[in-house]
There are 4 protein chains.
Amino acid sequence: MAGSTFGKLFRVTTWGESHGKGIGVVVDGCPAGLPLCEEDIQIFLDRRKPGQSKFTTPRKESDTVEILSGVFEGKTTGTPISMVVWNENQKSKDYSEIASYYRPGHADYPFDEKYGFRDYRGGGRSSGRETIGRVAAGAIAIKLLKQMGISFLTYSESIGPVKISKEHFDVAEIQNNKLYMPDAVAAAKASAYLEKLLEEKNSSGGIIYCEVNGLPVGLGEPVFDKIDANLAKAMFSIGSVKGFEIGDGFGVATATGLENNDSFVMAGASRKPIKTSNHSGGTLGGMTDGAPLTMRVAIKPTPSIAAPQHTVNKSGEDINIEIHGRHDPIIVPRAVVVVETMAAITVLDALLENMSSRIDRIVEFYK
Amino acid sequence: MAGSTFGKLFRVTTWGESHGKGIGVVVDGCPAGLPLCEEDIQIFLDRRKPGQSKFTTPRKESDTVEILSGVFEGKTTGTPISMVVWNENQKSKDYSEIASYYRPGHADYPFDEKYGFRDYRGGGRSSGRETIGRVAAGAIAIKLLKQMGISFLTYSESIGPVKISKEHFDVAEIQNNKLYMPDAVAAAKASAYLEKLLEEKNSSGGIIYCEVNGLPVGLGEPVFDKIDANLAKAMFSIGSVKGFEIGDGFGVATATGLENNDSFVMAGASRKPIKTSNHSGGTLGGMTDGAPLTMRVAIKPTPSIAAPQHTVNKSGEDINIEIHGRHDPIIVPRAVVVVETMAAITVLDALLENMSSRIDRIVEFYK
Amino acid sequence: MAGSTFGKLFRVTTWGESHGKGIGVVVDGCPAGLPLCEEDIQIFLDRRKPGQSKFTTPRKESDTVEILSGVFEGKTTGTPISMVVWNENQKSKDYSEIASYYRPGHADYPFDEKYGFRDYRGGGRSSGRETIGRVAAGAIAIKLLKQMGISFLTYSESIGPVKISKEHFDVAEIQNNKLYMPDAVAAAKASAYLEKLLEEKNSSGGIIYCEVNGLPVGLGEPVFDKIDANLAKAMFSIGSVKGFEIGDGFGVATATGLENNDSFVMAGASRKPIKTSNHSGGTLGGMTDGAPLTMRVAIKPTPSIAAPQHTVNKSGEDINIEIHGRHDPIIVPRAVVVVETMAAITVLDALLENMSSRIDRIVEFYK
Amino acid sequence: MAGSTFGKLFRVTTWGESHGKGIGVVVDGCPAGLPLCEEDIQIFLDRRKPGQSKFTTPRKESDTVEILSGVFEGKTTGTPISMVVWNENQKSKDYSEIASYYRPGHADYPFDEKYGFRDYRGGGRSSGRETIGRVAAGAIAIKLLKQMGISFLTYSESIGPVKISKEHFDVAEIQNNKLYMPDAVAAAKASAYLEKLLEEKNSSGGIIYCEVNGLPVGLGEPVFDKIDANLAKAMFSIGSVKGFEIGDGFGVATATGLENNDSFVMAGASRKPIKTSNHSGGTLGGMTDGAPLTMRVAIKPTPSIAAPQHTVNKSGEDINIEIHGRHDPIIVPRAVVVVETMAAITVLDALLENMSSRIDRIVEFYK
C-alpha cells in the first residue's frame, strides 16, 4: 500500500485507520512563512466531522487536530508539518461477524486477496476517516492560495434525484443547511428524501460541484500532468467517487465544436484575453485558461446499509447479512470539504511547479 | 513541461511535436523476455493513423514505427525501449496567421502565458500526434498483459447524439466500420451525422467505452494510487477528454445503496467469490474486485473548425477567424486505441506494483 | 523542504524537530504480514539514543517508540506504519543568543537564506534526532530482510586517528564497547583520544563500515538507480557524512585493472559463479553480484564545540562565540545504527523493485 | 530496468546500447526560452568522444548529436528535448565468445541473473556510451546555469599514482593535454604510466575533481534530498565510480571540530556572511552555503583488459580469457565531462525546486 502520498512539490502523506490510535498526515514541501495555527485547520475539519446532523454517523468524535511539527513562532518553517487527530471512539465492538464475511460495496474482498488479511474494524484504512488527513493538508493549501487571491466554491449539487435549481441558488445558503446545498428548497426536499431512505435502511448518492477562482493562466503541465488529469486523480482517489467532469463534462459528447468552443475577447482595464463562455471549465491543453476551474464529482450511495443483502463469507458460504452500526445514509455533504481540499492541494502543487516554466522568470527570481 | 512521463514501474515518456522531426516514446521498466517486434506496435498505430476515412484528417502519414533500443534477439532486454515515428508531412505551410491569434478551444493562449512563446505549427506539443508515443508504449503493455490472460474491449459508444443500442450490439462490427462502433446501424447514423457536420464546417464529440477482462483481484493501491484514480489521470491526460466514469459513473448519484451494491456469491469450479452485478465497474476501495474494469470517457468536439469564430490576436485586437487545414470532424474513432493503450499502461503498472504487497509472496519469489 | 521522503516502493517519510513535540516517521509500502511490535523497533533505537556513555550528549531521552498505525493483530497490514518518539526533554532553554548568530559547521545560515527564518532551538529539523525516524523505519526493513537470510554487519572502523586492526578484530566486541568498535584495543585508545578532546572542548570525526550479506544477485537498476547510487544517496542524506565508498573505494584510483577485477569461479554445491575477491564491494554495473555489499562512510567531527570560534551574527557583526549545551564529542558510534538502517531501507527497496524485472517470473507469480 | 530517469523537475531519461541503433536522451522540464542549437551540445560531446588520444578506444564515432524536438526558432519551448547520437560503428563483430562467459569487473553475470539474458554486444546498456545522453542533457543545464553566473571547473586530479601538484597547477593546461589534467608535468608522467600499462595489457584508475562556482545560498532540500545526497547519487550512477567526497571528504575522519569548522566573516561590498575556509565543500545541512561546491570522484580501472584473466562461462566451467577489442586503458579523462554534466543536472534541479521554498517569494513571483 505505497500510494499514501499525493503531490510532487506540495506532498501529502496520510496514515491511520478507522479504529486505530488516530488519523494523521505529513505535509512535506509547504513553503516557509505561512502563518498557521490549529484553528486554521479545525474549521475545515469541523465541516467533515460526524454528528452534524441526523444524516451523518452518530459516532462521537471531536476530531480535534494537533500540529506536531513544522510550525515555529506561528509560521510554517518549510519543514514537514505533521498533524494528528486522535480517534476517541475507537473502542472496538465485537467485529468477529464483520470479519467473517465480505460486505457488498466494500473493499473487504480485495483487501484479503491483496494483503492476505485485513484490519476489519470499521473501514480500516479505507474508512472515510482517512480523509481527515487530506482535509487538514488541504486547509493549509487553501490558506496559502488565499494569499494569492485564489478561492474555492464547493457544494452539494444533487442528492439522489434532488438537484439544486438556478431559481433558488444562493451561495449564502450553503452554510445554512447541513447538506451544504446552495438552495434551501432543494435542501428541504433532499432531507425528506434521506429520511425516507433512513426508514428503508437504504442510502443515497449525489453530486458535488467545485469551482476555483482567481487562478493565474498556465498552471498545469501539458501531456500527462495536465491540471485536469491531476484533478481527476485527486477526486477519484476519494473513496466512493465514480465519476468526474471538467467544465461541460459528458455534455461535450453531444455538443458540436461551434457550441463547445469558448470565444476570446479582450477585456477589462488590463486588456487581457478572456473567454465569453466557459464550456472548457477553465482549462485548455491541460493548463488553466483564466476562467474559473469548474468540476463535478459523482459520489456513490453509502455501501453500509442495514437492509438485508446477500454475500459470501470467508468459509465460502453464501449468506444473508444486515449491517448495523454507525453509518451515514449519505456521504455527499461531508465529502464537500474533501473535494474542496483535494482540489486545493492539486492546484497549489501545479502553481509551485509552474514557477520553473520560463528561463526569464527564473533569472529574475534569482537576481 | 515536466510531466511527459507516466507510470511508476512501467514508465512511459513521450516527446515530439506535430510538425517537428518526429514523435517518440521511451518505455523504461518493461520486464525482460517479452518477444517484441515493430509489427506488434504497428497494428496498434494503424488504428489511430490519419487518412482511414473521410472523417479523419487527410494529412498523409504512414506512421511507421521504428524501435531504436531495448530489444535484442527479438526480445525485450529490460532496458529502455525507445521508439520513434518520423513525421513525413511536416513541411510547414505559412503559419504566420495562426501564430498571431488564439484559437478557441486550443491551448494557444495558456502556452504563450506559461512559456512566453509557443511552437505554433499545428498543435505543437498538444497535437493529437503526441498520442502516437502512448499507443506504441501501450501496445507493449497489451502484449505483455495478454500473456496473463488479460484482454481489452474498447469502442465508440456514442458519436454526437447517436448511441449504440443493445439490440444491434456486435463486437465483430467494431473493426468493420471506421468509427469503431459495435453497431452497424448506429455507425451508419453516425456517419450521416458527421457528413452533415462536415458540410456545416462543424465537429462532433462522443463517448468511448473501455473494458478490461481477466484481471487478478487486488490490483491498485488503496488511498491515492487507487486503480480508479490512476485510470482517471490516464484518461484525463488525453487531450479533449472532459469526463470519466468507472462502472455506473454519474448514474450512482441517483441510485440507492441497495441498487448500487454488488452482491457476492460463491461460483465456479474454483469456488471463488464473484459479484452478481458490476455497478462498481470492477473496483472496490481502489482495488480490482474480480469483475471486468469498465469505464467511459467523454471526448469533446474537435476545436479546429472551418466555420467562422470570434477570438483575439496577440496585438490585443478582437477578430473573426476561419481555421482551415487538415482536421478531423471527430476525434473519437481515432481516440479509441489511445484510451485502450492508456488503460493498459495503467493496469500493467498496478500489476507490477502489486507484486510487493505480501511478505509471504516475496519470500516465495526469492526462494 | 520537500525531500523528507526516501524510497520508491518502501517509502520512508520523516518529520519532527529537535525541540518540537516529537520525531516521527511514516513507512508506506511495507508488505503485509510481517510480525511487528514496538520492541522490534526499540532495540534499534536504543543503539542510537543519547546518554549511553560519556561521549554522548547527556540530554535525557528514553526515545520510546509508539506505533500509531499499520499493524493489526501483531502483523503489518500493508497500510502506512506511523511511528512516533515524543520529545521528553524539549523544554527550551534561552535560545536568544544562538538565534542571533550563525554557528560554524551548522546549517543556520543556509536555513535563514532559504526559508527566511529558522527554528533555532537545537538543530531544528537538521538535528541528529531526525534520524530516529530513519532508524525506526530501517528496523522494519531489517526484520523483513532477515526472513530472506539477509543480514548486516556495521561498526565504527576508525575514530579520529585510531583505526581498528585486523589483529584484534572481534565481531562480538562491537556490542561490548560504547564506541561500537570490533576491537577492544582500538576502542580503549579511541576512548582516551576522545577524553582528551573533551578536555580541549573539541570533537572528532571517524569512519563507519557497513556490510550486507545474503543478497540475491541482480538487485539494483542499471543506469541511474544503481544500488551503489541509491546507497550513496542514502548515506549522504545522513547529516555530517562527507565521504562514501563501495568496495575498495578511493583505493581503486591507484589500482590497475588486473588488481581490481574480481575473478569468478564455480563454487559450492549449487555450482554458482562466485568471486574470489571482492574489490567491487558486491556490485557490478549497479547490481548486486553475489558477494557481500561493503561500504564505508566518513563522518565529520561534531560541529558544536565549546572552544571559542569566530563567526558573524544576524546584524552583520563579526563576533567570537562559545557553544555550550549537550553535545556529543563524536557522532560516529550513534551513527552506526543509522548507517545500517539506511542501508537496509535501500536494499529492501531494490529487492522489491527487482521483482518486476522478468516476464517469466511475473507470469509465474500471478499463476 | 526502470531507473533510466534522473531528476525531479529537470528530468533526464537516457536510452540506448553500445551496439544498438543509437544512444539518446529525453530532457523533460527544461525551462522555455533558452537559446539552444546542436553546436551547444556538440562541444560537450566532443570532450568525451573516443579517439582523442592513444589512451582512448580507437572505435570510430563522430558522436554527432541531433536535436529531434523541444526547440523552436532557436529556443527551448518548455517541451521535452529529445536528442540522439546514431551509432556509426555498431557493426557487430563475432560476439559468440564474449556471450558465453562472464567478464571480471563487468555486469555480465548480474545482467543474466536479473533479466534472464543480456545484450552481449559491447557493454550493452552498461556501456560508457550511455553517458552520451547525460552529457547532452548536462550541456543544456550548464548553458542555462551560465545565465545565472554559475560555472564549473572539472579536471583529472590523479591518474593511477600520479597526482597533480599545487606547484604546477594551471587551469589553462586542462584543455592542452588529452588527460584533462591542470598540470603539464603530471600529465606527462601520467602519459608515461599509461603507456607502460598499455604494454602490459593493463589499465588504470584515477580521481576527478569538480567545483561549482556562483551558486545562490540555500539550494538543496534538508533531510533526504540534500544537495550532497543528490550529487552522491548522480556520481555513483556513473559506471566505474567507487568513491565520492564533498569538501574534505574522508579527511574529516581524522580532523577535529576546531579544524573542520569553517568560520564566517562579513565580507564584500554586499556585507554578506562568507566562510574563511571551505572544509565543508560548500554545503551545510544539505544546502549550499555560498562557498564553491567541491567534490571528488574515484574511478576504477577499465575492467576490459587484454591480459589473461580467470573466470567462468555460462556452462559452469572455469576458464581463462583474454579480452580483445577497442578499450580505453583509462576512463578518467573521458569521464571528466560526464562528472561535470551530472553535477550540472543535479544543481539545476535543486535550483528549480528551491523556488518554492518561501511564501513571500511565491506571492511576489505571481504578482
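Everything below is about the structure printed above this text.
The shown structure was predicted, so the numbers you read here are calculated from the model rather than taken from an experiment.

Asker: Whenever I open this one, the sheet that holds strand β4 (residues 65-67) of chain D confuses me. Can you help?
Answerer: The strands that make up a sheet pair up through hydrogen bonds in the backbone, lying either parallel or antiparallel. Residues and elements named next belong to chain D. The sheet built from five strands is open, its strands ordered β1-β2-β3-β7-β4 with antiparallel pairing. The open sheet has two free edges, formed respectively by β1 (5-6) and β4, since each of these has just one partner strand. As paired strands, β4 and strand β7 (residues 81-86) are joined by three bridges and run antiparallel to one another. Residue pairing across strands places V65 opposite V85, the latter belonging to β7.

Asker: Could you clarify how one ought to interpret the relation of the copies chain D and chain C in this entry?
Answerer: For the pair of chain copies, the relating operation is a rotation around an axis with a shift along it. When chain D is fitted to chain C, the best match, at an RMSD of 0.0 Å, comes from turning it 180° and sliding it 0.0 Å along the axis. Given the turn and translation reported, the copies of this chain are related as if by a two-fold rotation axis. Here 100% of the contact residues of chain D are again contact residues in chain C; the copies associate through an equivalent surface.

Asker: Help me out: how do you make sense of the pattern of salt bridges in this one?
Answerer: Working definition: two side chains of opposite charge can pair if their charged atoms are close together. Residues and elements named next belong to chain A. A complete count under the given rule lists 96 salt bridges over all chains for this structure. For R47, the salt bridge identified is with E340, shortest N-O distance 3.3 Å. One end of the pair, R47, is in helix α1 (residues 38-48); the other, E340, is in helix α8 (residues 332-353), and 293 residues separate them in sequence. Overall, the relative accessible area of 7% leaves E340 in the buried class. Among the ionic contacts, a cluster of salt bridges with common partners joins R103, D108, D112, R118 and K314.

Asker: For this particular structure, what's the right way to read the interface of chain C and chain A?
Answerer: Many authors give the size of an interface as the accessible area that is lost as the parts come together. The interface of chain C with chain A comprises 42 residues on the first partner and 42 residues on the second. The junction of chain C with chain A conceals about 3,300 Å² of combined surface from both sides, 64% of it contributed by carbon and sulfur atoms. At the junction of chain C and chain A, the tally comes to two salt bridges. Two residues, K21 of chain A and E66 of chain C, come together in a salt bridge whose shortest N-O distance is 3.2 Å. Across the chain C-chain A interface, the total number found is twelve residue pairs in polar contact (both at pLDDT 80 or more). Among the secondary structure elements, those contributing two or more residues to the side of chain C that touches chain A are β2 (11-16), β3 (22-28), β4 (65-67), β6 (75-76) and β7 (81-86) of chain C. No other element matches the five residues that β2 of chain C contributes to the side of chain C that touches chain A. In terms of residue class, the side of chain C that touches chain A is built from 14 nonpolar, 16 polar and twelve charged.

Criteria and cut-off values
Residues numbered from 1 in each chain as written. Chains lettered and ligands numbered in written order. Predicted model: local features only at pLDDT ≥ 70, side-chain atom pairs only at ≥ 80, totals over all residues. Heavy atoms only, no water. Pairing = 2+ DSSP bridges. Helix = DSSP H or I, 4+ residues; strand = E, 2+ residues; numbered from the N terminus. Least-squares fit on C-alpha atoms with pLDDT ≥ 70 in both. Contact = heavy atoms within 4.5 Å. Salt bridge = Lys/Arg side-chain N within 4 Å of Asp/Glu carboxyl O. Buried < 20%, exposed > 50% of the residue type's maximum accessible area, 1.4 Å probe, protein only. Buried area = accessible area lost by both parts, 1.4 Å probe. Polar contact = N/O pair within 3.5 Å; in protein donor to acceptor, adjacent residues only side chain to side chain. Nonpolar A, V, L, I, M, F, W, Y, C, P; charged D, E, K, R; others polar.

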